[in-house]
Amino acid sequence: MSHTYTDPSGLSRYGWTGALDRTFTEHYEAGLVPARISRVDRGLCTAVTAEGPTRATFAAPHPPDPLLTPCTGDWAALRPGAEPHLVALLPRHSAIVRSSASRSSHGQVLAANVDTVLIALSLATPLDAAKLERLLALAWESGAQPVIVLTKADLAHDAGAVHDEVEALAPGVDVLVTSVATGRDIDVLAALVRGTTVLLGPSGAGKSSLGNALLGAELLATGTVRAQDGKGRHTTVRRELLPLPGGGVLIDTPGLRGISLHDAADGLEQVFAEIEELAALCRFTDCAHDTEPGCAVQAAIQSGELSGRRLRSYRKLQRENAWAASRTDARLRDERVNHKKAITGHLRATYRFRDRQS
């Protein structure tokens with residue numbers, strides 16, 4: 001049976017398009033309906049369909065891999081009925097992935113099909129340049145466009161100076177100074193967000209308050225922060241997707257205390273683009289940027305064009321990313337070996353059975 005895309009239900013409010021609809025043809029023929037996952041918890045998920053939100057079950061991947069499990073922002077094919085069930089996930093056009101909290105070789109998807117990443121940092125606490133670089137690498141690697149939002153300008157000592165410092169750390173990224181308390185530049189921020197927007201940042205950065213300002217309603221729980229260090233409690237305990245009044249959707253995420261990279265080489269190149277450009281000018285292609293003659297990176301440090309801290313941060317994140325990649329490679333090798341052993345064992349059992357029958 002043919003299907004004509006009209007979207008009378010308003011599912012396009014959540015990002016559904018004619019292009020997505022055309023890829024869904026086989027699922028329609030199987031009696032399935034499109035749904036966007038707005039929340040995942042306790043082995044179930046809340047999925048938005050043409051008929052509204054519904055709770056659905058899903059099968060865990062085997063072997064279990066967090067990268068393959070449903071996540072907030074995913075588009076899925078859902079079998080409707082008395083017990084709705086997610087049958088398949090549609091391919092993601094982007095995904096924010098970090099190393100899993102268990103420090104295993106698996107990655108953890110924080111949000112899928114994201115267009116804009118709002119990195120929230122509080123002006124009420126000192127700037128943590130290393131944490132910002134990690135968050136930027138995470139955002140660039142996802143394929144989405146990062147925007148840095150400096151919050152709580154009403155509590156800042158010198159918002160302008162921090163703004164300039166952040167701009168220097170994030171070339172090519174919009175940096176906004178905002179205040180939910182005074183309404184400063186909230187309208188400018190609202191004009192910048194597009195499609196699916198996710199809020200990232202540490203606890204106490206004011207993500208939920210910022211989200212409520214963009215949503216135009218108190219839909220996200222907020223909390224206080226400790227006066228001594230500006231850190232907050234996790235008032236957001238799970239990722240949740242909500243429609244924005246001006247179009248698009250917003251995903252709020254719990255505060256990130258640990259930001260471990262997972263296969264983020266491209267993201268690191270984007271964050272440290274100036275080091276990459278300098279490295280291309282070094283005399284030797286395998287320059288380690290230490291004491292080699294003709295090192296353009298060390299020359300830039302000596303002239304004050306590049307800070308030593310910036311290079312140290314780059315090296316540290318490169319080492320961390322390489323370590324995570326090596327663990328992933330080792331896990332994949334082990335999985336291939338185990339799969340081969342399972343097949344060999346099955347064949348041997350089959351041959352033994354045949355021998356007994358002969």
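So, here's what we can say about the structure. (Residues numbered from 1 in each chain as written. Predicted model: local features only at pLDDT ≥ 70, side-chain atom pairs only at ≥ 80, totals over all residues. Heavy atoms only, no water.)

Residues Ile96, Val117, Ile119, Leu132, Leu136, Ile148 and Leu150 are the most contacted members of the largest nonpolar core, which totals 60 residues. For this core, the element with the highest residue contribution is helix H3 (residues 129-142), accounting for 8 residues. In contact with Ile96, not counting residues within four places along its chain, are Gln108, Val109, Leu110, Ala111, Val114, Val117, Leu138, Ser142, Val198 and Leu200. Grouped together as the second largest cluster of nonpolar side chains are 15 residues, Val147, Val193, Leu220 and Leu244 included. (Core = buried A, V, L, I, M, F, W, Y, C linked by side-chain atoms within 4.5 Å. Buried < 20%, exposed > 50% of the residue type's maximum accessible area, 1.4 Å probe, protein only. Helix = DSSP H or I, 4+ residues; strand = E, 2+ residues; numbered from the N terminus. Contact = heavy atoms within 4.5 Å.)

This part is about helix H9 (residues 296-303). Helical geometry: 3.6 residues make up each α-helical turn, so side chains three or four residues apart lie on a common side. Of the positions making up H9, those classed as buried are Ala296, Val297, Gln298 and Ala300. Note on H9: the residue one or two positions beyond its end, Gly304, has a positive phi of about 90 degrees.

All right, on to the sheet that holds strand E13 (residues 249-252) then. Taking strand neighbours across the sheet as the criterion, the 6 strands line up as E10-E9-E8-E11-E13-E12 in an open arrangement whose pairing is mixed. Strands at the two margins of the open sheet, each flanked by one partner only, are strand E10 (174-177) and strand E12 (240-243). In this sheet, adjacent strand axes meet at a mean angle of 25 degrees when their direction is disregarded. As paired strands, strand E11 (residues 196-200) and E13 are joined by 4 bridges and run parallel to one another. Residue pairing for E13: Thr196 is matched across the bridge by Val249. (Pairing = 2+ DSSP bridges. Axes fitted to C-alpha atoms, helices over the stretch in contact; angles between N-to-C directions.)

Under the counting rule described, the total for this entry stands at 9 salt bridges. The salt bridge partner of Arg55 is Asp41, with a shortest N-O separation of 3.1 Å. With Arg55 in strand E3 (residues 52-58) and Asp41 in strand E1 (residues 33-41), this pair connects stretches of sequence that are 14 residues apart. Note on Arg55: relative accessible area 37%, which makes it partly exposed. For the salt bridge of Glu320 with Arg134, the shortest nitrogen-to-oxygen distance reads 2.7 Å. Of the two residues, Glu320 sits in helix H10 (residues 308-357) while Arg134 sits in helix H3, which places them 186 residues apart along the sequence. Since its relative accessible area comes to 17%, Glu320 is described here as buried. (Salt bridge = Lys/Arg side-chain N within 4 Å of Asp/Glu carboxyl O.)

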